[in-house]
Each structure stands twice: as structure tokens, then as C-alpha cells.
Amino acid sequence: MARTITVGLDGSPESRAAAEWAAREAALRQMPVRLLHVWQPVPEPMAQAPLLGAETHQHWTERIPREAAEGLRLRHPGVEVTTEQRAGAPAEVLLDAARDAELLVLGSRALSGLTGFLIGSVGQSVVARAEAPVILVRAGEQAADEHVKDPAGIPSAATGFRPVVLGLDTDSPDETVITFAFEEARRREAALTVVAGWNLPPYHVYSLAAGVDPREGVVREQAAALTEALRPWREKYPDVEVTEESRMGSPANHLVDAAHEASLVVVGRRIRRGPFGVHIGAVAHAVMHHATTPVAVVAHA
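Residues numbered from 1 in each chain as written. Predicted model: local features only at pLDDT ≥ 70, side-chain atom pairs only at ≥ 80, totals over all residues. Heavy atoms only, no water.

Thoughts on the packing of helix H4 (residues 90-98) against helix H5 (residues 121-129)
- At their nearest, the axes of H4 and H5 sit 9 Å apart, and the two run at 35 degrees to each other. Once H4 is placed against H5, the crossing between them reads as right-handed. Of the residues in H5, those in contact with Pro90, Ala91, Glu92, Leu94 and Leu95 of H4 are Val122, Ser125, Val126 and Arg129.
- Among the residues forming the contact of H4 with H5, the class breakdown is six nonpolar, one polar and two charged. (Axes fitted to C-alpha atoms, helices over the stretch in contact; angles between N-to-C directions. Helix = DSSP H or I, 4+ residues; strand = E, 2+ residues; numbered from the N terminus. Left-handed = near helix turned anticlockwise from the far one by under 90°. Contact = heavy atoms within 4.5 Å. Nonpolar A, V, L, I, M, F, W, Y, C, P; charged D, E, K, R; others polar.)

Observations concerning the packing of aromatic side chains
- Within the structure shown, the criterion is met by one aromatic pair.
- Each ring, one from Phe182 and one from Tyr237, has its centre 5.1 Å from the other, and the planes form 25 degrees; the classification is stacked. Note that Phe182 is positioned in helix H6 (residues 175-188) and Tyr237 in the loop between helix H8 (215-236) and strand E9 (242-248), a separation of 55 residues in sequence. Side by side, Phe182 and Tyr237 carry an identical accessibility label, which is buried.
- Of note, Arg188 hangs over the ring of Phe161, and the distance from its end group to the ring centre comes to 5.5 Å. (Phe/Tyr/Trp six-rings, centres within 6.5 Å; stacked < 30°, edge-to-face > 60°. Buried < 20%, exposed > 50% of the residue type's maximum accessible area, 1.4 Å probe, protein only. Lys NZ or Arg CZ within 6 Å of the ring centre and 35° of its normal.)

Re the side chain of Ser15
- Relative to the assigned elements, Ser15 resides in helix H1 (residues 13-29).
- According to the relative accessible area criterion, Ser15 is buried, its value standing at 2%.
- Here Ser15 is in contact with Val7, Gly8, Leu9, Asp10 and Gly107, once residues within four sequence places are set aside.

Section: the pattern of salt bridges
- Within the structure shown, the criterion is met by 24 salt bridges.
- Ionic pairing is found between Arg29 and Glu25, a salt bridge with its closest N-O pair at 2.8 Å. One end of the pair is Arg29 and the other is Glu25, both in helix H1 and four residues apart, which spans about a single turn. A single burial state applies to Arg29 and to Glu25, both of which are buried. (Salt bridge = Lys/Arg side-chain N within 4 Å of Asp/Glu carboxyl O.)

Focus: H1
- Taking 1.5 Å of rise per residue, the 17 residues of H1 would be expected to cover 24 Å, and the 24 Å separating its terminal C-alpha atoms lies within 8% of that figure.
- Across the 17 residues of H1, 13 count as buried, placing the element largely inside the fold.
- Following H1 by one or two positions, Gln30 adopts a phi angle in the positive range, close to 55 degrees. (Expected span 1.5 Å × (residues − 1).)

Remarks on the nonpolar core
- With 44 residues, the main nonpolar core has Leu35, Val105, Phe182, Leu192 and Val266 as its most contacted residues.
- When residues in this core are grouped by element, the largest group, seven residues, is from H1.
- Not counting the four nearest positions on each side in its chain, Val266 is found in contact with Val164, Val165, Leu166, Gly167, Val177, Phe180, Ala181, Ala296 and Val298.
- Among the nonpolar cores identified, the runner-up in size contains 33 residues, and Leu94, Ala98, Val267 and Ile280 belong to it. (Core = buried A, V, L, I, M, F, W, Y, C linked by side-chain atoms within 4.5 Å.)

Some words on the pairing of strand E6 (residues 134-138)
- With four of five residues buried, E6 is to be regarded as a mostly interior element.
- Sheet topology note: the E6/strand E11 (residues 295-300) ladder contains three bridges and is antiparallel. By the bridge assignment for E11, Val134 is matched with Val297. (Pairing = 2+ DSSP bridges.)

A word on unusual backbone geometry
- The backbone of Gln30 sits at a positive phi, close to 55 degrees, despite the residue not being glycine.
- In this fold, Gln30 is placed in the loop between H1 and strand E2 (33-39).
- Residue classification places Gln30 among the exposed residues on the basis of a relative accessible area of 74%.

So, the environment of Asp257
- Summarising the element assignment, Asp257 is placed in helix H9 (residues 251-259).
- Of the residues examined, Asp257 reaches a relative accessible area of 49% and is grouped as partly exposed.
- In this structure the C-alpha to C-alpha distance between Asp257 and Ala291, which are 34 residues apart in sequence, comes to 7.9 Å.

So, the packing of H9 against helix H10 (residues 282-290)
- Axis separation between H9 and H10 bottoms out at 9 Å; the angle between their running directions is 30 degrees. Taken together, the axes of H9 and H10 lie roughly parallel to each other. For H9 against H10, the interelement crossing comes out right-handed. Residues Pro251, Ala252, Leu255 and Val256 of H9 lie in contact with H10, whose contacting residues are Val283, Ala286, Val287 and His290.
- Residue composition of the contact of H9 with H10, by class: seven nonpolar, one polar and no charged. (Parallel < 35°, antiparallel > 145°, perpendicular 65-115°, else oblique.)

This is how it looks when you write it as C-alpha cells:
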């Protein structure tokens with residue numbers, strides 16, 4: 001099967017925003033978009049009701065992907081858009097679809113106030129288990145949000161892209177995650193900001209107690225480690241402008257801060273197949289829930 005950008009579509013504002021993002025990404029990658037709508041057959045008692053029967057339910061659910069596809073084709077005439085409906089448990093169907101997808105794109109909605117974004121149980125389960133990159137797009141996301149403002153300070157999709165932000169662990173930099181971020185920056189002709197957060201090792205407390213401040217040396221070491229980790233990719237992608245930010249403190253907090261001026265945030269998720277199941281990881285989990293820009297969660301070994 002040809003590789004596609006697959007969107008989990010349920011008719012909600014967040015899933016429609018995800019579909020729009022997928023169409024824009026498909027234009028950059030010259031790939032088709034597949035809108036996947038998962039529906040569950042109505043229970044038998046409801047199926048017998050004249051106004052809420054199985055045929056009526058299916059009719060309304062078929063409208064969701066059809067109308068979404070028609071809108072995407074109008075707004076993105078160069079992008080091939082197909083639709084698919086499957087019955088079953090949403091998380092399992094999406095995971096199955098992700099096996100032959102280049103990307104899986106899902107929506108997330110804002111919580112009340114400024115506390116963050118809600119990734120439902122289906123989305124969290126998919127992110128924790130999918131081996132294809134999963135992109136999370138918040139409701140209301142617009143193309144102009146990913147671009148710098150025009151000279152008059154007005155949001156515009158006609159200007160250049162904001163930077164792509166990559167969260168990098170210099171202790172275990174992964175080739176898959178780094179390559180994904182560089183490729184996304186290259187496609188957008190955007191800068192790449194690489195953020196590495198770190199904390200002082202516990203034993204440095206004793207140095208501070210003795211009147212010796214080790215932080216300056218650690219700052220240099222961490223900055224050098226980041227530069228060294230990125231060296232092969234700087235050589236491979238000479239046209240991508242790279243900014244390195246090695247900061248003491250929470251990696252998640254630094255990434256969420258950097259996301260305010262980004263077009264996309266890229267974080268890794270380690271694939272674990274242990275007896276205790278799967279999980280997303282603290283940094284990726286925090287960024288998913290609090291970044292205000294689309295987030296790419298890239299699984300790696």
C-alpha cells in the first residue's frame with residue numbers, strides 16, 4: 001500500500017484542524033491524505049428504533065469523512081484526499097492504520113483557561129503504542145499560526161515558517177528523532193531550534209556546600225555535548241539553520257516555552273516492550289498537554 005498521511009477524523013473541531021494540518025503537510029511531502037473515520041455499530045435496542053436505527057446512524061457517520069474530504073479538496077487542490085471508514089474500537093483501528101502510514105495525525109482540544117490541552121484516552125493509547133510518528137494538532141490551529149507575522153505584524157500564511165523545535169536528550173540522542181526534525185525544518189525552509197534541558201548531578205550539592213560552584217563547568221560540558229550530538233546532522237543538512245539551546249532546568253518546561261514561537265515541536269518516545277506495558281515518557285507527556293503548537297511524537301528504539 002502507498003504511504004499516506006492518515007488523519008483520525010470524528011467530526012470534532014480538533015479533528016478538522018488535524019485534517020487541515022495534514023493537508024498542508026501533504027503538500028510539503030507530495031503525499032496523499034487519508035481521512036479515517038472509525039465508527040461503532042449502534043447497540044441492538046437502538047438499531048430497532050425508527051429514528052435512531054443502524055441505517056440512519058451509518059448515514060450520518062458517512063457524511064463526516066465525505067464532507068471533510070470535499071472541503072480539503074477545495075482548499076488544497078493539489079493534494080489527493082481519500083476517505084475510509086472502519087468499524088471497531090477507535091484506538092485499535094487507528095493503531096492498525098498507523099502501520100502503513102507515514103504519519104498519523106490526531107486532534108487535541110483546549111482545556112478551560114490556560115491549563116493545557118486534553119489528549120483523550122484514545123489519543124494517549126495511540127501515542128503510547130504507535131511506531132509511526134504521531135502529530136497532535138490543537139483545535140483552532142490555523143496555517144498562519146505556523147508562520148512569522150508579516151511586516152505589519154499581522155498573522156499570514158504567506159510569510160516564512162516559524163522554527164521547528166526539537167527536544168534532545170544529549171545522553172541518548174536518537175537518529176530517528178533528530179532526522180525527523182531536520183527533515184521537517186528542511187521542508188519548511190525553516191530554522192531548527194534544538195533544546196536540551198539538564199539538571200546538576202546530585203553530588204554537586206557537596207561542592208556547593210564546600211563553597212565551590214561547579215555550574216560553570218557543567219554548562220560548558222552540556223553545551224559541548226549538544227554541539228557534538230548535532231555535528232553529523234549539521235554536515236548532512238548544511239542549508240538548515242540550527243540554534244542550540246542548552247539550559248539548566250526541566251526539559252519539558254524549556255520545550256513548552258520554545259513552542260510559543262515554533263511551527264512544530266518534535267519529541268521522542270522510547271519504544272518499550274516490557275512487562276509493565278507501554279508509556280509515553282514524562283517530557284513527551286508534558287509537551288503534548290501544554291505546547292500551544294502542533295507536536296510530533298516520534299517513536300524510537
